[in-house]
Amino acid sequence: MGNSGRALSAYNDMRSQHQAIEAAARRGPLQSLSDRELALRESAVTVYPHALQRRVRAWVRFGPEAIRVEAKVVRSTPLAAGIEFRAGERTYRCWVWGNAVQPVDGVG
């Protein structure tokens, strides 16, 4: 039979997250760390090729609302992570502090 129940649960979780992201996006713009906070002139940026991008859970802020999303780390500095996540047809990208990011269990 397989794991159709588990697959359906994962699909429903993803759909619920996308709805939460879309609702938060209607209440305010996605926030990102500023150039000053990132200190890119003083810090090296690592850009990860697709094969090395890690799946994570990260806290992001749309306007005043904080929401936790499943994302992937596409770049980083010693203190921050550049993440990317999707909701519906839209891809969101922002910088968050490194301590706002946690690896997804069981995935590198």
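Reading the values: the criteria
- Residues numbered from 1 in each chain as written.
- Predicted model: local features only at pLDDT ≥ 70, side-chain atom pairs only at ≥ 80, totals over all residues.
- Heavy atoms only, no water.
- Helix = DSSP H or I, 4+ residues; strand = E, 2+ residues; numbered from the N terminus.
- Buried < 20%, exposed > 50% of the residue type's maximum accessible area, 1.4 Å probe, protein only.
- Contact = heavy atoms within 4.5 Å.
- Areas by Shrake-Rupley, 256 points an atom, 1.4 Å probe, with all protein chains shown as cover.
- pLDDT = per-residue confidence, 0-100.
- Pairing = 2+ DSSP bridges.
- Core = buried A, V, L, I, M, F, W, Y, C linked by side-chain atoms within 4.5 Å.

**Side note on the overall build of the chain**
Working step 1: Across its full length, the chain holds two helices and six strands.
Working step 2: In sequence order, the secondary structure elements of the chain are arranged as α-α-β-β-β-β-β-β.
Working step 3: Every one of the 108 residues in the chain was classed for burial, and the buried ones make up 31%.
Working step 4: Across the chain, the fraction of contacts at a sequence separation of at least 24, relative to all contacts at a separation of at least 6, is 56%.
Working step 5: When the accessible surface of the chain is totalled, it reaches about 7,400 Å², and 51% of it is carbon and sulfur.

**Focus: unusual backbone geometry**
Working step 1: Backbone geometry places Ala 39, a non-glycine residue, at a positive phi of 50 degrees.
Working step 2: Its location among the elements puts Ala 39 in the loop between helix H2 (35-38) and strand E1 (46-47).

**Notes on the confidence of the model for the chain**
Working step 1: On average, residues of the chain score 89 in pLDDT, and 88% of them are at 70 or above.
Working step 2: Mean pLDDT per element in the chain: helix H1 (residues 4-27) is the minimum at 79, and strand E5 (residues 90-97) is the maximum at 97.

**Some words on the pairing of strand E3 (residues 65-76)**
Working step 1: Direction of pairing for E1 relative to E3: antiparallel, over a ladder of two bridges. Note on E3: the bridge partner recorded for Thr 46 is Ser 76.
Working step 2: Summarising the sheet, strand E2 (residues 54-62) and E3 pair through nine bridges and their orientation is antiparallel. Along E3, the bridge assignment pairs Trp 59 with Arg 68.
Working step 3: From the end of E2 to the start of E3, which pair antiparallel, there are two residues, and Gly 63 there has a positive phi angle of about 55 degrees.
Working step 4: The hairpin turn running from E3 into strand E4 (residues 80-87), its antiparallel successor, is three residues long.

**Focus on the environment of Ile 83**
Working step 1: In this structure, Ile 83 sits in strand E4.
Working step 2: Between the C-alpha atoms of Ile 83 and Gln 53, which are 30 residues apart in sequence, the distance is 9.5 Å.
Working step 3: Setting aside anything within four residues of it in sequence, one finds Ile 83 in contact with Ala 58, Val 60, Ala 71, Lys 72, Val 73, Val 74, Tyr 92, Arg 93, Cys 94 and Val 96.

**A closer look at the nonpolar core**
Working step 1: Ile 21, Val 60, Phe 62, Ile 83, Phe 85 and Val 96 are the most contacted members of the largest nonpolar core, which has 19 residues in total.
Working step 2: Contributing elements (two or more residues each) for this core: H1, E2, E3, E4 and E5.

**Quick look at the pairing of E2**
Working step 1: Strand direction decides the pairing type here: E2 and strand E6 (residues 101-103), joined by three bridges, are antiparallel. Counterpart to Val 56 in the pairing with E6 is Pro 103.

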